[in-house]
Amino acid sequence: MNQYETVIVLTPLLSEEVAKEALAKFKAVLTDGGAEIVHEDNWGLRKLAYPIAKKSNGFFNLTEYSAPGDLIAKLELQLKRDERVLRFLTIRLDKHAVAYNAKKRSGAFNKKTKEVAA
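Residues numbered from 1 in each chain as written. Predicted model: local features only at pLDDT ≥ 70, side-chain atom pairs only at ≥ 80, totals over all residues. Heavy atoms only, no water.

Novice: I'd like to hear about the overall build of the chain, residue by residue, with values.
Specialist: Helix and strand content of the chain: three helices and four strands. When the helices and strands of the chain are listed from N to C terminus, the series reads β-α-β-β-α-β-α. Counting all 118 residues of the chain, 35% fall into the buried class. For the chain, the accessible area works out to roughly 8000 Å², and carbon and sulfur atoms hold 52% of it. Averaging the coordinates of the 20 positive side-chain charges in the chain and doing the same for the 15 negative ones gives two points 5 Å apart. (Helix = DSSP H or I, 4+ residues; strand = E, 2+ residues; numbered from the N terminus. Buried < 20%, exposed > 50% of the residue type's maximum accessible area, 1.4 Å probe, protein only. Areas by Shrake-Rupley, 256 points an atom, 1.4 Å probe, with all protein chains shown as cover. Lys, Arg positive; Asp, Glu negative; His and termini not counted. Charge placed at Lys NZ, Arg CZ, Asp CG, Glu CD.)

Novice: So what about empty space enclosed by the protein? Which residues, and what values?
Specialist: If you walk through the whole model with that rule in mind, you get one cavity of 30 Å³ or more. Roughly 80 Å³ of internal volume is contained in the largest cavity. Around the largest cavity sit Thr-6, Ile-8, Leu-23, Phe-26, Lys-27, Leu-30, Ile-37, Glu-40, Asn-61, Thr-63 and Leu-75, which together line it. Going through the elements one at a time, strand 1 (2-10), helix 1 (16-32), strand 2 (36-52) and strand 3 (55-67) are the ones with two or more residues in the lining of the largest cavity. Looking at the lining of the largest cavity element by element, the count peaks at four residues for helix 1. Partitioning the lining of the largest cavity into residue classes produces six nonpolar, three polar and two charged. (1 Å grid on protein atoms, 1.4 Å probe; cavity = no way out; pocket = protein on both sides within 12 Å on 5 of 7 lines; lining within 4 Å. Points joined across faces, edges and corners; volume = space filled by probe spheres on them. Nonpolar A, V, L, I, M, F, W, Y, C, P; charged D, E, K, R; others polar.)

Novice: Can you break down helix 3 (residues 95-106) residue by residue, with the values?
Specialist: Counted at 1.5 Å a residue, the expected span for helix 3 with its twelve residues is 16 Å, and the 17 Å between its end C-alpha atoms agrees. At the C-terminal side of helix 3, Gly-107 shows a positive phi close to 85°. (Expected span 1.5 Å × (residues − 1).)

Novice: Please set out the sheet that holds strand 4 (residues 85-93) residue by residue, giving values where relevant.
Specialist: Spatial strand order, 2-3-1-4: four strands in an open sheet with antiparallel pairing. Whereas interior strands pair on both sides, the edge strands pair on one side only; in this sheet they are strand 2 and strand 4. Neighbour-to-neighbour, the strand axes of the sheet open up by a mean angle of 20°, direction not taken into account. In this sheet, strand 3 lies alongside strand 1 in antiparallel orientation, the contact comprising nine bridges. By the bridge assignment, Leu-10 is partnered in strand 3 with Phe-59. Together, strand 1, strand 3 and strand 4 form the strand contacts of helix 2 (residues 69-81), whose direction differs from that of strand 4 by roughly 170°. Across the sheet, helix 3 lies against strand 1, strand 2, strand 3 and strand 4, angled at about 110° from strand 4, the strand it touches most. (Pairing = 2+ DSSP bridges. Axes fitted to C-alpha atoms, helices over the stretch in contact; angles between N-to-C directions. Contact = heavy atoms within 4.5 Å.)

In structure tokens:
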């Protein structure tokens, strides 16, 4: 099983409850297909870099998971069929990206070091 990361942008016309329901549907597709959710990060309503379908905002969600390769096609088919999804992007993570994400989740990059006075 490979490790993947999917970013989903939902239309801003949805309420927060409907957006969570849509994300739960996609999460169910993953778990029913044998995927293991490693990390999920809901970024909330954010401004888009450029308008998509005449919308300038969107609900962003990032999901990192381990899954068999054939499950990705099923997930992306569901994402394409759902009219609530503005955009999505799925990438396969290599070993360096997996290590980087693990460090980022543990907070290794947020720690400040003390400067030594000379």
